[in-house]
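# Structural characterization, general
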Amino acid sequence: MPAEPPQESHPSHAHRIAVLGAGVMGVGITALALGHGLPVLLIDTDQDKLDRAGDAIDHELRIAQLMGTLPPDVRTGPLETATTTGGIGGVTAVIEAITEDTGLKAKALAEVSARVLPGTPLISNTSSIPIDELAGCAERPEDVIGTHFMNPPYLIPTVEVIQGARTAAATMAAAGELLTALDRRQVVVRDAPGFVTSRVLHPMINDAARVVQEGTATAEAVDALMEGCLGHPTGPLRTADLIGIDNLVDSLRVLHQHTGDDGCRPCDLLLDKVRRGELGRKSGRGFYDYQEEN
Amino acid sequence: MDTHTQGQTTTRTASTVHTADQAEKDVQKDILRFLQTRTKRTWQPETDIFASGGQSSLFAMELVVHLEKSFGVAIRGKDLRLDNFRTVVSMTELVHRLQAAAGGTGD
């Protein structure tokens, strides 16, 4: 492509990423990357999820365009999907965004680390599992790094980056280059359960739900106070609906196991909502009703 | 009144102006009704829906999908930007322009 204008040091065509997991975060990260012109191989064991992902990604790319968060005049990157990691060999980075379960994530990282070139960053998008725990399951722990994209990744400009005890400097640099290509600002923190954002936010959301459970206030009132008095952008319970209440409960359990902090034990109202399938925006109902949108 | 001078608007004959105005009023009425249902409050045609920070990007996208479904238009490319959805007036203008470009006034 000789007509292409000169670009700075991180041309998007130098990247080709694999995203593991076609859930809310995997789809959102895929949309972010495609919208910045990067080719993406999206992998999920569930073909139905992959079939639905195409439409979801198109919808999210439209939201990103609507909100002006995509670079102008960049052609959307090509999307490939697969139900196995067989074709992962040539990618420049892997972003793992599967279920928030240590065993499942460890297995996925072990599998992909055997298939990619040494030095390919293996990026776990965990919201709370310590990176070094996951790193131990990969063939090369130094290739493993954490990023915590917030939902929706194509609208939120900052990403929490977690350097595990064994994460190599080269891995930090490679992941940093990828985030630059995605126009994300990175804030690097040390490895710990929940890092910074989940360690602070998730117990707060748990408390917000507990306040509703105890009948002190409605979800609307809690959010209105947190927004109107304290400047929280969306309110903790609307945020819970956006995270996915099942995912939030998983994350709180991980935090509780690792820290022993009772404030991280998921409250009954959250557990009830998961049992009833009221998982938030993605299921059409959580603390709020989203039926009209789906 | 529509003070825009986009191609299709200027070619309309005097007899079609009245029905086109009526169609625009209907579009405006529909959007106001949709806003009221979804936000549980009333809106003025000129009010910036996103100014207070109260309405989200997801709601903006809901408006896009609603306009597309209700008025049979496709909102693509440079039209897909938040400024087109800030007020009922700007949304009505967008629908009118897209319908005119598609070769009719939409009724």
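Residues and elements named next belong to chain A. Alternating residues of strand E2 (residues 40-43) divide into Val40 and Leu42 and Leu41 and Ile43, and every residue in both groups is buried. Looking at chain direction, strand E1 (residues 17-20) and E2 are connected through four bridges and run parallel. Of the residues in E2, the one forming a bridge with Leu20 is Ile43. Running through helix H1 (residues 24-35), the crossover from E1 to the neighbouring parallel element E2 is right-handed. In terms of strand pairing, E2 meets strand E3 (residues 79-82) through four bridges, oriented parallel. Considered in E3, the bridge of Leu41 is made with Glu80. For the handedness criterion, the β-α-β arrangement of E2, helix H2 (residues 47-66) and E3 is classed as right-handed.

All names here are of chain A. Strand order in the open sheet made by the eight strands is E3-E2-E1-E4-E5-E6-E7-E8, with mixed pairing throughout. Unpaired on one side and paired on the other, E3 and strand E8 (185-190) mark the two borders of the sheet. Strand after strand, the sheet turns through a mean of 25° between neighbouring axes, direction not considered.

Contact with chain B, which involves nine residues of that partner, is made by nine residues of chain A. The biggest single contributor to the side of chain B that touches chain A is helix H3 (residues 57-71) of chain B, with five residues. Residues that form the side of chain B that touches chain A fall into these classes: five nonpolar, one polar and three charged.

Residue and element names in this part refer to chain A. Taking 1.5 Å per residue as the helical rise, helix H6 (residues 197-213) with its 17 residues ought to reach 24 Å, and the 24 Å between its terminal C-alpha atoms agrees with that figure. Within the sequence span of H6, burial applies to Ser198, Arg199, Leu201, His202, Pro203, Ile205, Asn206, Ala208, Ala209 and Val211. Buried residues in H6 make contact with helix H7 (219-228), helix H8 (236-243), helix H9 (245-259) and helix H10 (268-275). Taken from the residues just after H6, Gly215 is the one with a positive phi, measuring 80°.

A word on the nonpolar core. Residues and elements named next belong to chain A. Ile17, Val19 and Val94 are the most contacted members of the largest nonpolar core, which has 93 residues in total. Counting residues domain by domain, this core receives three or more from each of domain 1 (12-190) and domain 2 (197-283). With residues near it in sequence (within four places) discarded, Val94 still touches Ala18, Leu20, Ile88, Val112, Val116, Thr120, Leu122 and Ile123.

As a further point, take the confidence of the model for chain B. Residue and element names in this part refer to chain B. Averaged over chain B, the pLDDT score is 80; the fraction of residues at 70 or greater is 76%. Averaged pLDDT values for the elements of chain B fall to 46 in helix H1 (residues 7-11) and rise to 94 in helix H4 (residues 88-101). Within the model, the stretch residues 1-11 combines pLDDT values under 50 with eight contacts to residues more than four positions away or in other chains. Prediction confidence for the complex, expressed as pTM and ipTM, is 0.83 and 0.74 respectively.

Cut-offs used in this document
Residues numbered from 1 in each chain as written. Chains lettered and ligands numbered in written order. Predicted model: local features only at pLDDT ≥ 70, side-chain atom pairs only at ≥ 80, totals over all residues. Buried ≥ 20, exposed ≤ 12 C-beta atoms within 10 Å, placed from the backbone. Helix = DSSP H or I, 4+ residues; strand = E, 2+ residues; numbered from the N terminus. Pairing = 2+ DSSP bridges. Right-handed = clockwise from strand over helix to strand, strands pointing away. Axes fitted to C-alpha atoms, helices over the stretch in contact; angles between N-to-C directions. Contact = placed C-beta atoms within 7 Å. Nonpolar A, V, L, I, M, F, W, Y, C, P; charged D, E, K, R; others polar. Expected span 1.5 Å × (residues − 1). Core = buried A, V, L, I, M, F, W, Y, C linked by C-beta atoms within 7 Å. Domains from an automatic or database assignment. pLDDT = per-residue confidence, 0-100.

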